[in-house]
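# Chains, contacts and geometry: an overview
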Amino acid sequence: MTRHFLFNTVILFLIPALCPLWAENSYSAPDLSSFFDINTVEENYEFRQRLKSLITAPKEEVLKAPSRIFTQGITAQRVKFRVETRGNSFYLLFLNEKNRVFPIAGRGNYIIKRGLEMGEFKQIKIFYRNDPGSFIRIFPAGERSKMDVFLFGKSVYNKTILPLPLENFLTLPFPRVIALSGSVLKWPLLLMRGDRELDRRIEDILALLRARLPFLEDTDDGAQDSEGSFVLIKNGVKQEDAVNGGFNCSGFSKWITDGFYYPLTGSYLDIEKLKEKHLDFRGNRWSLPYEEERDPYFGLDWSRNLAVNLLMAQSGVEEIDPESADLRQVDFFSYIEDVGYPVADLETLLFTAAFRNPGIVYLGSINSEYGKEPRLRQYFHIVVLLPYFTANGDFRIAVMERNTESSIASLIKRYPADFIHLVRLDARGVFQPPPEDMVE
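Scope of this entry: the structure provided in the associated data block. (Residues numbered from 1 in each chain as written. Predicted model: local features only at pLDDT ≥ 70, side-chain atom pairs only at ≥ 80, totals over all residues. Heavy atoms only, no water.)

### Digging into the overall build of the chain
The criterion, for reference: Secondary structure follows DSSP: runs of H or I at least 4 residues long count as helices, runs of E at least 2 residues long count as strands, and numbering of each begins at the N terminus. Here the term buried applies to any residue with accessible area under 20% of the maximum for its type, exposed to any over 50%, and partly exposed to those in between, with areas from a 1.4 Å probe on protein chains only. We call two residues in contact when some of their heavy atoms are within 4.5 Å. All accessibility values rest on the Shrake-Rupley procedure with a 1.4 Å probe; residue burial counts only the protein chains present in the view.
The helix and strand inventory of the chain stands at 11 helices and 18 strands. A burial count over the chain gives 53% of its 440 residues as buried. Within the chain, contacts between residues at least 6 apart in sequence are counted, and of these 62% link residues at least 24 apart. Carbon and sulfur atoms make up 51% of the accessible area of the chain, which amounts to about 19600 Å² in all.

### Let's talk about the side chain of Arg82
Operational definition: Side-chain atoms alone can form a polar contact between residues adjacent in sequence; in general such a contact is a pair of N or O atoms within 3.5 Å, and within protein one must be able to donate a hydrogen while the other accepts it.
Structurally, Arg82 is set in strand β2 (residues 78-86). Polar contacts involving the side chain of Arg82 include one to the side chain of Glu84, which spans 2.8 Å. If we skip the residues at most four places from it in the chain, Arg82 touches Ser67, Tyr91, Leu92, Leu93, Leu95 and Ile104.

### Comments concerning the pairing of strand β8 (residues 154-162)
Selection criterion: Pairs of strands are assigned from DSSP output, requiring at least two bridges between the strands.
Where strand β7 (residues 144-151) lies against β8, six bridges are found, and the strand directions are antiparallel. Considered in β8, the bridge of Val149 is made with Tyr157. Between the end of β7 and the start of β8, which pair antiparallel, lie two residues, with Phe152 showing a positive phi angle near 50°.

### Side note on the environment of Trp302
With respect to the helices, strands and loops of the structure, Trp302 is situated in helix α9 (residues 298-315). A C-alpha to C-alpha distance of 5.3 Å links Trp302 and Leu274, two positions 28 residues apart in sequence.

### Let's talk about the sheet that holds strand β14 (residues 360-370)
The following threshold applies: In this analysis an axis means a line fitted to C-alpha atoms, helices contributing only their contacting stretch, and an angle means the value between N-to-C directions, from 0 to 180 degrees.
Strand order in this open sheet of six strands is β13-β18-β14-β15-β16-β17, and the pairing throughout is antiparallel. This sheet does not close on itself; its edge strands, each paired only once, are β13 (341-342) and β17 (404-406). As paired elements, strand β15 (residues 376-389) and strand β16 (residues 395-401) share six bridges and run antiparallel to each other. Bridged to Phe389 within β16 is Phe395. Running over the sheet, helix α6 (residues 196-212) touches β14, β15, β16 and β17 and is turned about 115° from β15. The strands that helix α7 (residues 249-265) touches are β14, β15, β16, β17 and β18 (419-426); relative to β15, the one it contacts most, it runs at about 40°.

### Comments concerning the packing of α7 against α9
Helix packing geometry: the angle between the two helix axes and the distance between the axes. Quick note on the threshold: Should an angle fall under 35 degrees it is called roughly parallel, over 145 degrees roughly antiparallel, and 65 to 115 degrees roughly perpendicular, with every other angle called oblique.
As a packed pair, α7 and α9 sit with axes 9 Å apart at the nearest point and diverge in direction by 10°. If you check the angle between α7 and α9, you find them roughly parallel. Of the residues in α9, those touching α7 at Ser250, Ser253, Lys254, Thr257, Phe260, Tyr261, Leu264 and Thr265 are Phe298, Trp302, Leu306, Asn309, Leu310, Ala313 and Gln314.

### A short note on the pattern of salt bridges
How we decide: Counted as salt bridges are all cases of a side-chain nitrogen of Lys or Arg within 4 Å of a carboxyl oxygen of Asp or Glu.
If you walk through the whole model with that rule in mind, you get 27 salt bridges. Its salt-bridge partner being Asp338, residue Arg304 comes within 2.8 Å of it at the nearest N-O pair. Of this pair, Arg304 sits in helix α9 while Asp338 sits in the loop between β12 (333-334) and β13, and the two are 34 residues apart along the sequence. The burial state of Arg304 is the same as that of Asp338; both residues are buried. Residues joined in a network through salt bridges with shared partners are Glu42, Lys98, Arg107, Arg193, Asp394 and Arg396.

### Concerning the pairing of strand β3 (residues 89-96)
Counting buried positions over the eight residues of β3 gives eight, a clear majority of the element. Judged by which residues are buried, β3 turns out to be covered on both faces: Ser89, Tyr91, Leu93 and Leu95 on one side and Phe90, Leu92, Phe94 and Asn96 on the other are all buried. Sheet topology places β2 next to β3; eight bridges connect them, and they run antiparallel. Along β3, the bridge assignment pairs Lys80 with Leu95.

### So, the sheet that holds β2
The strand order across the open sheet formed by eight strands is β1-β2-β3-β4-β5-β6-β7-β8, and the pairing between neighbours is antiparallel. The sheet is open, and its two edges are formed by β1 (68-71) and β8, each paired on a single side. The sheet shows a mean angle of 20° between the axes of neighbouring strands, taken without regard to direction. Pairing geometry for strand β6 (residues 135-141) and β7, over seven bridges, is antiparallel. Looking at β7, one finds that Pro140 is bridged to Ser145.

### Some words on the packing of aromatic side chains
Rules: The aromatic pairing rule takes the rings of Phe, Tyr and Trp, using the six-membered ring of Trp, and pairs them if the centres are within 6.5 Å, calling planes under 30 degrees apart stacked, those over 60 edge-to-face and the rest tilted. Our definition puts a charge over a ring when NZ of Lys or CZ of Arg is within 6 Å of the ring centre and also within 35 degrees of the ring normal.
The final tally for this structure, using the stated rule, is 22 aromatic pairs. Ring geometry for Tyr128 versus Trp187: centroids 5.8 Å apart, planes at 85°, classification edge-to-face. Of this pair, Tyr128 sits in the loop between β5 (121-127) and β6 while Trp187 sits in helix α5 (residues 187-190), and the two are 59 residues apart along the sequence. The same class applies to Tyr128 as to Trp187, namely buried. A ring pair is formed by Phe230 and Phe247, whose centres lie 5.7 Å apart and whose planes are at 45°; its orientation type is tilted. With Phe230 in strand β10 (residues 230-232) and Phe247 in the loop between β10 and α7, this residue pair connects regions lying 17 residues apart in the sequence. For Lys125, the ring lying beneath its charged end belongs to Phe135, and the centroid distance is 4.2 Å.

### A short note on unusual backbone geometry
Here the phi dihedral of Asn99 falls at roughly 55°; this positive angle occurs in a residue that is not glycine. Inspection of the secondary structure puts Asn99 in the loop between β3 and β4 (110-115). Phi is positive for Phe332, which is not a glycine, with a value near 75°. By the element assignment, Phe332 lies in the loop between β11 (329-330) and β12. Look at Phe332 and you get partly exposed, because its relative accessible area is 29%.

And the structure:
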């Protein structure tokens, strides 16, 4: 494939004179009232109140109730009601319309579960985001209720006590549920719909990357050096095809980082600086003898060096701790030193990270224990992650790895038991990836 393609589009943003060194837990919680705006929060309590007598009716009457669609007077929101039977339970579904259909996993949808034999109320399931894994379940607990909360399939709160019996929640507005649990749950985080300016910035960067991907070549151990020439990372020797050179996963992550670095410095990142080993910050006495033979921490050192060198260019600070850009504090999860987090938890933890610090691109080094004599933790793959909220408030994560775009689902399927260490790239400023036709 020819590489004589020049994409001149740049994205211009203002960058502060001094970038913050990642105050992870400092944030201003959104005003809760914004989540209760009748124009932005889907609700169906009006329909549930209208059908209260049917919801609480004997099971025989409920089971023969026909499906129906109701247009709520206050919001003009259309809601569909239907009854389903599964196993030894039956379900009353109140589904909000979205794009002319009535999906089950839609924001504000209620699913009321009753026992088929006795007709008793077993639980209420409420989706609070347009996502099948983001919902709450309310269970009976005597004169009170208890609630479990899931965020993108991960349990984040268990058995939170609510001061009312389950039956009271059948027809209560959802904001009332939030108010009754607001002293315990981080509802501003759970309901977050994003920062439009910062999220659009990530989408602009993503659009530019998607336009460039078809013109990138794949080359083992390939990268561009500080002058833009295509070389091998291990020794700096020029690639055999110096015109149509390409990248491996490390070179690809450098290419994206160079898109932020070059507009600030007028040069591309130096490969030798990126290969620097930080023996005082990671590893142990078992891994030290294998630094040259197996280079187990290459991916961790490389990703940290990419992030820290960019941070120095952005801030003007000449020397920064190699761990300065690590993502170490995330709601609901504990950081494992120099290991990171389970790949399986990526969607949930990046959602909370995007809430705390929007407008950030993440470099992730995937790692696991590897080898027999001895078994060492090996950092074997680097991915680039771009989390953002869409214009309608849905959360998305674009996954870029080795010259292509994949997905979070793909990462979890390929690395279900592995871990990922994350470092941050501030997406503010000009973003302009190196042109593919750069040669001597």
